[in-house]
Amino acid sequence: MGTNVYGFPLLSLIAYLPLIGAIILLFMKKEEEKKIMQTAFAVSIVTLAVSLLLIPGFDSTTSEMQFTEQHTWIPSLGVSYAFGIDGISLLLIVMTTIISSIAIVSSYTAINMRIKEYYVSILFLETGMLGVFMSMDFFLFYIFWEVMLVPMYFMIGIWGGGRRLYSAIKFFLYTLFGSLFMLLGILAVYFLNADPQYGSGQYTFSVLELQKMNLPLHPLQFWLFLAFFLGFAIKVPMFPFHTWLPDAHTDAPTAGSVLLAGVLLKMGTYGFVRFCLPMFPEASVYFMPYMAGLSLVGIVYGALVALAQKDIKRLVAYSSVSHLGFVMLGIFALNTHGITGGILQMVNHGVSTGALFLIVGMIYERRHTRLIADFGGLSSKMPIYSAVFAVTMFSSMGLPGLNGFVGEFLILVGAFEANKIYAGIAVIGIILGAAYMLWLFQRMMFGPLDKPENQKILDMNRREIAYMAPLIVFMFWIGLFPRPFIRVMEPAVEKIVQRLKGAGAMAKQESEEKSVEVISKNDKTVIAARIDPEKGMID
Amino acid sequence: MTPIMPDIQLIAIFPESILAIFACALFVMDPFIARDKKEQLGYFSLAGLCVSGVSTLFLWGKSISTFSGMIALDNYALFFKTLFLMISALIILMSIRYIKIERINLGEYYGLILFATIGMMFMPSATDLLSFYLSLELMSMSLYVLAAFMRKDPKSIEGGIKYFLTGVFSSGLILYGVAFLFGATGTTNLGEIAAFLQENGVTSSLSLIMAFVLLITGFGFKISAVPFHMWAPDVYEGSPTPVTAFLSAGSKAAAFSVMLRVFINAFALSSGNWWPVLWVIAVLTMTLGNLVALVQTNMKRLLAYSSIAHAGYLMIGLITASQIGYAAILIYLVGYVFMTLGAFTLIILLCSANMKGDQISDFKGLARTNPMLGLVFIIFALSLIGIPPSAGFVGKLYLFNSAIQGGFYWLAIIGILNSVVSLYYYFRVVQVMYMDEPNAGTVLSFSPTLKVALGITAFLTLFLGLYPEPIIKAAIDSVQIFL
Amino acid sequence: MTAQLLFFYFGGMAVAGAVVAVFTPNLVYSALSLLMTFIHIAGIYILLNAEFIAAVQIIVYAGAILVTYVFVLMLFNPEQEKRYFHKQYKIGAFLGAVVLFLMVFAGFKTEILSKGGPFTVEYVEEIGHTRAIGNALFTDFIFPFEIASFILLVAMFGAIILAGRGIKKPKGPGGRVDLSSRRKAKEAIVGER
């Protein structure tokens, strides 16, 4: 099924190290605050180091799952304990460990109550996130997916600000709703696989087995795609399921927002790439126009609303909606450039939006306000901060030379290959993105330093520079030398695109056959119209 | 003429006989034990439960039908017997300190729990309409008395009377249904009824329909399905908390164990057309239970409504009427028992000399003064909602699995929507525990037995979520008799 | 023919007795009309050749249970009910009529497909009803018999626990109402609505 270079359960180690750290923390007394913080940071650095061990052992030429671990767990259900990664997950896992360490360090001064519980929650969250990216068995995947919700709920609810209780429970309810629909989809796929007509004839939850299934577009793939769609779209978040995001992001503590934006949102997009596209290729092709449409709405809507915000954090939250719209557009361009751009942009967004939230956090710690109107002319007092903010802002906007540009460029190429109109609308999103970011920067950093409270504001201290530095380095690295990152994911992306190409031909056939009988049905006439643009995609 | 003794194999009732001997011995010993040392009787009854439990485990794998077809001993019965013994053991562990605080420290309490257990243990073994009815009555009679045990508390008396009246009424309905069933088929033996129906193919004769309606109504009362649930909140709130836990876990599981046998055999559930009625009841039960729980301020009432909702989920297994559906009921019941008992243990912890401890506001800040309790409650809450990794999730997974495999998609969707709703009220309690300021003067009445009970329930809820294999295999094994 | 007439008489009087028992406000009248119901049901049993059960019906129901009821009534001397009809009698009457209709309809439309059992009239006439019951009860039906005895045991314990010896009054500051009479209990319950 896959290879394991080291012969050692490296993935399990990476996933459970934070959990072990959390358990160690549980036994420490809650008064030893410094020790707790240092232990937490040490654990996350160790996890980071171990995850870096994956890189040399990774073979970039094959699309097979690597570092696999497989043990039977619940034979009656067909559940196995299966971990494995490919290029896509590798990128996301390393990104997760890096961002988690940064998040932990950034919380040193931000959190000053119930410290032990806070760091236990972060470490728990890290285990959950890592497990999601590694799972090759749906039961296991679902466990990690759900487990993440509880520590995030606590982080928002206890250490957040504003309407934190409301935002926390809204986040939990919304996400659980989607996940449960995804569970139904998983169960349906599990059940259908046992039917020899569709699958291997056995009851199994193994992702690799289920990806080999052969389901007809109507009605099975249609509904299954929608079930999984609901679960992932809420997580991404796609319009119109995004309403939990602004509240959750704004009211979460800084590290919470960083992890939420940096990692949790990626799980939705990861889910689409890992599960929806390979398992339901015909449905993906079928739904592509709708998905692209929703993504475009997300891009433009997110950007427009961000433009209108008065709270910095809320502005960044809406910018996330816009950026992830880009990612989804890339993924659902259903071609190599688009998907590669989408995945790269996932990493980029983690880096740049994570950095943005950290920047907001820094200013909040100093001034305890996030209203843009309370700032102005800060660049004279905080030069380093301005520079870092500027680089981050440009990265988020997509300035060439920085990471955002590479991702956005690939996505635009992919979108253009799929449908020129999509690319056109997407460009509007880029322009708007530049607009709100530049305007934000100008309002905060330039202009007269008229608020008296801002006179004594301190610049970034050494710790803050230390944890922002890796992010800045990545912004330049991915922007100037993206080759290593793209090379890692190439085989996996190719595999998906091949499956989609095969499906595209079939779907075109099916919809041609159906076009005569469905012309009369209102909501399906759009298929007949879409056949032409789809021709452009199958080449 | 001399009567011919039928073939009676006493081994089939061996576990219950042991328990009966212990119960009678307990009543005899009771007057000789000093008033403040009654917990010795508690330990004595625990010993009885253990001995009975060991004998149950030794009997696994047997398949006997005895007492002229009234009692059968098979894996299905043994599965439930073991479950009931564990429930009773946990209840006794929970009660020892509680009944001292509430000043109902009587030896008869333990004796009645043992008798109720005996009744419950006979129920899954019953393969005859008469034997299940009488075992049901034995269990119910003991529970009526237990519900009203706190004689000086008007709420307890109210609960006891309500429980007694609705219980007797529903038993009467069940008996009427049994009479119709007997009239239609000429025999009270469930196996013979099933054979008769197969031969004559009369799955929709009018008296059979009447019998079904009456039986579903009667059993509906017992499992507090909607619209027969009205007694549950008041009875749960009024009874002493361990008795509430016993009612919620034990009597529900026992009622379901009987329902499976009766409905599958007497009404050919798998091939019949009974599911629309069950569907409506299940949906109403799930939905009403969850929606009304949203507004509760009393923890016991909240758990009462939540247990009503769980009865609704369990009925999904009855509706799908397949091997997976039946196994799902058994698996879910195991998880349900432990998570419910655990949640009630927390309420018992809060009961002390000057506080009843059953309001949600009594839980304020509990997780900050006692992080272990917070963690434990999160485990129970996750399990009750159905979030992994917990036994509740595995149970729900199986139930939804059976619904999808049976083609009941809407049922599955309604089930998950209800799970989302239930998140809100469980996490409201979590929120109160974690994010509110602690009440001054909250005294936790820990006792060693209570800690053991809490530990066992929390551990099993988590462990069975991560390693449910033995339970799943046992459940699938047990429902083979229905195929 | 005679049997039919007798059945209608016994049945009618039994129902009449039950109706009076439910509706009359005077509790002693209620108990005595219940007695009438019991005796006429015994009559129906005799029509069915079940003389043992008829005798037991009179001995146990009329002789033991009803006597206990009257005994309790004499001891506690409860007040008479003020109302003839319950507040929601219209709904009750409607539901009752619906259920009655369904029962009668079911009763008449049902085909009884089962064959008779081993206890035919001839068999019972031959060995006597008492002996037949005895045979059945101690061979085929011994299990329900024993369980029933347990139920009675539990009922006895229950009655003693709930209504029997006093428990020491709570010494400390109780959070709960300390009752000293039934009326206070009733008030407390009613007042909580």
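Calculation criteria
Residues numbered from 1 in each chain as written. Chains lettered and ligands numbered in written order. Predicted model: local features only at pLDDT ≥ 70, side-chain atom pairs only at ≥ 80, totals over all residues. Heavy atoms only, no water. Helix = DSSP H or I, 4+ residues; strand = E, 2+ residues; numbered from the N terminus. Rg over C-alpha atoms; globule rule 2.2 N^0.38 Å. Buried < 20%, exposed > 50% of the residue type's maximum accessible area, 1.4 Å probe, protein only. Contact = heavy atoms within 4.5 Å. Areas by Shrake-Rupley, 256 points an atom, 1.4 Å probe, with all protein chains shown as cover. Lys, Arg positive; Asp, Glu negative; His and termini not counted. Charge placed at Lys NZ, Arg CZ, Asp CG, Glu CD. Arc of directions from axis to C-beta. Patch = residues over 30% accessible without salt bridge, like charges linked within 9 Å, V, L, I, M, F, W, Y side chains within 5 Å. Salt bridge = Lys/Arg side-chain N within 4 Å of Asp/Glu carboxyl O. Axes fitted to C-alpha atoms, helices over the stretch in contact; angles between N-to-C directions. Parallel < 35°, antiparallel > 145°, perpendicular 65-115°, else oblique. Left-handed = near helix turned anticlockwise from the far one by under 90°. Nonpolar A, V, L, I, M, F, W, Y, C, P; charged D, E, K, R; others polar. pLDDT = per-residue confidence, 0-100. Expected span 1.5 Å × (residues − 1). Polar contact = N/O pair within 3.5 Å; in protein donor to acceptor, adjacent residues only side chain to side chain.

**As for the overall build of chain B**
Along the backbone of chain B there are 19 helices and 2 strands. The C-alpha radius of gyration computed for chain B amounts to 21 Å, which stays within 12% of the reference 23 Å derived for 483 residues, consistent with globular compactness. Expressed as lengths along the three principal axes of its C-alpha atoms, the size of chain B is roughly 70 × 55 × 40 Å. Taken over 483 residues, chain B has a buried fraction of 70%. Restricting the contact set of chain B to residue pairs at least 6 apart, pairs at least 24 apart contribute 82%. Of the roughly 14200 Å² of accessible surface on chain B, a fraction of 68% belongs to carbon and sulfur atoms. Here chain B contributes 24 positive and 22 negative side-chain charges, whose respective centroids are spaced 8 Å apart.

**Overview of helix H6 (residues 129-138) of chain C**
All names here are of chain C. If you check which residues of H6 are buried, you get His129, Ala132, Asn135 and Ala136. For H6, the angular spread of the buried residues around the axis is 125°, confining them to a single face. In this structure, the buried side of H6 is in contact with helix H3 (51-76) and helix H5 (121-127).

**Structural notes on a nonpolar patch on the surface**
A cluster of nonpolar residues, Ile91, Phe94, Leu95, Val98, Val99, Phe101, Leu102 and Phe105 of chain C, forms a patch on the protein surface that exposes about 760 Å² of accessible area. Following the sequence through the fold, Val98 of chain C ends up in helix H4 (residues 89-109).

**Description of the packing of helix H4 (residues 107-122) of chain B against helix H7 (residues 142-163) of chain C**
Packing of H4 of chain B against H7 of chain C brings their axes to within 11 Å, and their N-to-C directions diverge by 155°. Considered as vectors, H4 of chain B and H7 of chain C are oriented roughly antiparallel to each other. When you trace H4 of chain B past H7 of chain C, the crossing you get is left-handed. Residue-level inspection shows Glu108, Leu112, Phe115 and Phe122 of chain B of H4 of chain B in contact with H7 of chain C, the latter providing Phe143, Ile147, Phe150, Leu153, Val154, Phe157 and Ile161 of chain C. Looking at the contact of H4 of chain B with H7 of chain C residue by residue, the classes come out as 10 nonpolar, no polar and 1 charged.

**Focus on the confidence of the model for chain C**
Atom-level detail of predicted coordinates should not be read off regions where pLDDT is low. Summing up the model confidence of chain C, the mean pLDDT is 80 and the portion of residues at 70 or higher is 79%. Reported confidence for the predicted complex is 0.88 by ipTM and 0.87 by pTM.

**Here's the deal with the environment of Ile93 of chain A**
All names here are of chain A. Looking at where Ile93 falls in the secondary structure, it is placed in helix H3 (residues 87-106). Along the chain, Ile93 and Thr68 lie 25 residues apart, while their C-alpha atoms are 15 Å from each other. Discounting chain neighbours no more than four positions away, the residues touching Ile93 are Leu54, Ile85, Leu130, Phe133 and Met134.

**Regarding helix H12 (residues 299-320) of chain B**
Residue and element names in this part refer to chain B. With 22 residues, H12 should cover 32 Å at 1.5 Å per step; its first-to-last C-alpha distance of 32 Å lies within 8% of that length. Within H12, 22 of the 22 residues are buried, which leaves the element mostly enclosed by the surrounding structure. For H12, the side-chain oxygen to backbone nitrogen distance between the N-cap and Lys300 is 2.8 Å, and the N-cap itself is Asn298. Directly after H12, the chain includes Ala321, whose backbone phi takes a positive value near 50°.

**Some remarks on the arrangement of the chains**
Ranked by contact count, the leading pair among the 2 pairs of chains in contact consists of chains B and C. Considering only C-alpha positions, the minimal separation of the non-contacting chain A and chain C is 33 Å.

**Comments concerning the pattern of salt bridges**
Opposite charge on two side chains makes pairing possible when the charged atoms of those side chains draw close. Residue and element names in this part refer to chain A. One pass over the structure, following the stated rule, counts 18 salt bridges over all chains. Put simply, Asp86 and Arg274 hold a salt bridge, and the shortest N to O gap is 2.9 Å. Note that Asp86 is positioned in the loop between strand S3 (79-85) and H3 and Arg274 in helix H11 (residues 254-279), a separation of 188 residues in sequence. Of the two residues examined, Asp86 and Arg274, each falls in the buried class. Note that Asp247 and Lys170 form a salt bridge whose closest N and O atoms lie 2.9 Å from each other. Highlighted residues: Asp247 in helix H10 (residues 244-251) and Lys170 in helix H7 (residues 164-193), separated in sequence by 77 residues.

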